[in-house]
Amino acid sequence: MNPDTAQTVPVTEETGNVRELITGARFVLFDFDGPICRLFAGLSAEDVAKDLVSWLERQGLRELLTKREREHPDPHVVLHAVNKRHPRSDLVDELEELLTQQELKAVDSAYPTPYADPLIRTWSAVGVRLAVATNNSARTVADYLQGRDLIDCFAPHVYGRTNDLELLKPNPHCLNRALRAMGAAPADALMIGDTPTDFEAARQAGIPFLGYAGKPSKETLLRRAGAEAVVDSFEPLLDFVRRP
């Protein structure tokens, strides 16, 4: 068999699967950081994580984190670690607010995901109802969407981090909130995310999933988690929405 021919078959099949996901969705739920924008494009997520660790150290709580947690580049790892040891505490509330303030600061330098803005506007224009379901603060999401004149495409359906961190994805809580608020059946919806936790939350909620992989390492993680449909650009999605 010609190896070039062998490679084109799964690509063609996946293109068909993606088209079916897009054209069959009456409700679309977006993760925020990744599918809609690179929130920390100008303010490194690793630096934010370090700021959270430094704040804990100033409180005399350095030993609350393991060495791996202190050095992890994801601020949510720090937040999860503290919540695991002091669930629903004032300490967690303060740390979560500190993270929210850092996210709000990052909005000014956030970089829109290519083709995300026109995709969102086109989907909204053709009557598909949109929501954001994210582990970021809803205040951060709303601030970003306001700045891009996209808030009307989503409002009031922005569901973000609460002070109960056990409800963060992969828990499907924010996805289920969106479904209930919009009166949507899971089978009529589509979740677009860029992490295994997005995939797992969608799986638990019974929502079809489309992975967005802005870089090859993201695709590898999504495939390993079980995602069958993954794209590295929203350009073909925009074409599908414009010409179903």
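Residues numbered from 1 in each chain as written. Predicted model: local features only at pLDDT ≥ 70, side-chain atom pairs only at ≥ 80, totals over all residues. Heavy atoms only, no water.

Caption draft 1: Broad picture of the overall build of the chain. For the chain, the count of helices and strands is twelve helices and eight strands. The C-alpha atoms of the chain give 19 Å as radius of gyration, which agrees with the globular expectation for 244 residues (18 Å, within 12%). Along the longest, intermediate and shortest principal axes, the C-alpha atoms of the chain span 60 × 45 × 30 Å. Residue pairs in contact within the chain that sit at least 24 positions apart in sequence constitute 69% of those at least 6 positions apart. With the model as given, the accessible surface of the chain reaches about 11900 Å², and the carbon-plus-sulfur share is 49%. Positive and negative charge centroids in the chain, built from 28 and 36 side chains respectively, lie 1 Å apart. (Helix = DSSP H or I, 4+ residues; strand = E, 2+ residues; numbered from the N terminus. Rg over C-alpha atoms; globule rule 2.2 N^0.38 Å. Contact = heavy atoms within 4.5 Å. Areas by Shrake-Rupley, 256 points an atom, 1.4 Å probe, with all protein chains shown as cover. Lys, Arg positive; Asp, Glu negative; His and termini not counted. Charge placed at Lys NZ, Arg CZ, Asp CG, Glu CD.)

Caption draft 2: Structural view of helix α2 (residues 45–58). Between the first and last C-alpha of α2 there are 20 Å, a value that for 14 residues agrees with the 20 Å anticipated at 1.5 Å per step. Along α2, the residues classified as buried are V48, A49, L52, V53, W55 and L56. Across the axial projection of α2, the buried residues extend over an arc of 155°, all falling on one side. Next to the buried residues of α2 lie α3 (67–71), α4 (75–85) and α5 (90–107). Downstream of α2 by one or two residues, G60 has phi in the positive range, about 75°. (Expected span 1.5 Å × (residues − 1). Buried < 20%, exposed > 50% of the residue type's maximum accessible area, 1.4 Å probe, protein only. Arc of directions from axis to C-beta.)

Caption draft 3: How the structure looks around the pattern of salt bridges. Inspection of the entire model under this criterion finds 17 salt bridges. Two residues, E69 and R85, come together in a salt bridge whose shortest N-O distance is 2.8 Å. Residue E69 is located in helix α3, and its partner R85 is located in helix α4; the two are separated by 16 residues in the primary sequence. Classification of E69 by relative accessible area gives buried; the value is 7%. Judged by relative accessible area, R85 falls into the partly exposed class, the value being 31%. (Salt bridge = Lys/Arg side-chain N within 4 Å of Asp/Glu carboxyl O.)

Caption draft 4: Local environment of the packing of aromatic side chains. With the rule as written, the count across this model stands at five aromatic pairs. The interplanar angle of 80° and the centroid separation of 6.1 Å between the aromatic rings of F30 and W123 together place this pair among those described as edge-to-face. With F30 in strand β1 (residues 27–30) and W123 in helix α6 (residues 116–125), this residue pair connects regions lying 93 residues apart in the sequence. Summarising the burial analysis for this pair, F30 and W123 share the class buried. Ring-pair connections join several aromatic residues into one group, and the members of that group are F30, W123 and F154. (Phe/Tyr/Trp six-rings, centres within 6.5 Å; stacked < 30°, edge-to-face > 60°.)

Caption draft 5: Structural view of the pairing of strand β4 (residues 129–133). Of all five residues that make up β4, four are buried, and the element is covered over most of its length. Note: β1 against β4, four bridges, orientation parallel. Paired with F27 across the strands is R129, a residue of β4. Across two bridges, β4 lies against strand β5 (residues 158–159) in parallel orientation. Residue pairing across strands places A133 opposite Y159, the latter belonging to β5. (Pairing = 2+ DSSP bridges.)

Caption draft 6: Expanded view of the packing of α5 against helix α7 (residues 138–147). As a packed pair, α5 and α7 sit with axes 9 Å apart at the nearest point and diverge in direction by 10°. Comparing the axis directions of α5 and α7 gives the class roughly parallel. Residues E97, T100, Q101, E103, L104 and V107 of α5 lie in contact with α7, whose contacting residues are R139, T140, D143 and Y144. Split by residue class, the contact of α5 with α7 holds three nonpolar, three polar and four charged. (Axes fitted to C-alpha atoms, helices over the stretch in contact; angles between N-to-C directions. Parallel < 35°, antiparallel > 145°, perpendicular 65-115°, else oblique. Nonpolar A, V, L, I, M, F, W, Y, C, P; charged D, E, K, R; others polar.)

Everything listed is a geometric property; what it means functionally is a separate question.
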